[in-house]
Amino acid sequence: MSRVQVDRERCVGSGVCESLAPDVFEIDDEGVLQVHREEPAADDLDGVRDAVQSCPARALALAE
Ligand code: SF4
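About the cut-offs
Sequence order as written defines residue numbering, which begins from 1 separately in each chain. Residue-level local features of this predicted model are given only where pLDDT is at least 70; pairs of side-chain atoms are given and counted only at 80 or more, and the full residue set underlies all totals for whole chains, interfaces and linings. In computing side-chain values, all of the structure's heavy atoms are included and hydrogens and water are not. Near, as used in this document, describes a residue that has one of its heavy atoms within 4 Å of the molecule or strand being considered. Gly is put with the polar residues, along with every residue not named as nonpolar or charged; the nonpolar set is Ala, Val, Leu, Ile, Met, Phe, Trp, Tyr, Cys and Pro, and the charged set is Asp, Glu, Lys and Arg. Each salt bridge in this description consists of a side-chain nitrogen of Lys or Arg and a carboxyl oxygen of Asp or Glu lying within 4 Å of one another. Helix and strand assignments follow DSSP, with helices taken as H or I runs no shorter than four residues and strands as E runs no shorter than two, numbered in order from the N terminus. Only protein chains enter the accessibility calculation, which uses a 1.4 Å probe; a residue is then buried when its area is under 20% of its type maximum, exposed when over 50%, and partly exposed in between.

Undergrad: Teacher, can you tell me more about the site of the ligand here?
TA: Close contacts around the ligand come from 13 residues, with Cys11, Ser14, Gly15, Cys17 and Cys55 the closest. In terms of residue class, the shell around the ligand is made up of ten nonpolar, three polar and no charged.

Below you can see the structure in the form of structure tokens.
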């Protein structure tokens, strides 16, 4: 099972991850990243991989 890892010291709340994998990531009303599925569904993995690559703060990883 793949697991999302977030380095919260690095995350700047840009929301790029939410735009690429909205079922997994959400920026809440306070600008804090919420991870709804730490173990993403298979259908969400491509979006999560894109988010890992695209995160401007390099705050995301996917342990596979
Ligand atoms: S893309 Fe990166 S910096 Fe932006 S909210 Fe997601 S984890 Fe945080």
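And the narrative resumes.
Undergrad: Hey, could you run me through the pattern of salt bridges in this one?
TA: Side-chain pairing between opposite charges can occur once the charged atoms of the two side chains come close. The full count for this structure, using the stated rule, is six salt bridges. A salt bridge links Glu39 to Arg3; the nearest nitrogen and oxygen atoms lie 3.0 Å apart. In this pair, Glu39 is assigned in the loop between β3 (33–35) and α2 (45–54) and Arg3 in strand β1 (residues 3–6), connecting sequence segments 36 residues apart. Judged by relative accessible area, which is 38%, Glu39 ranks as partly exposed. We note a salt bridge from Arg37 to Asp44, for which the minimum N-O separation is 3.1 Å. Overall, Arg37 belongs to the partly exposed group, its relative accessible area being 37%.

Everything listed here is a matter of coordinates, which is why it stays silent on function.
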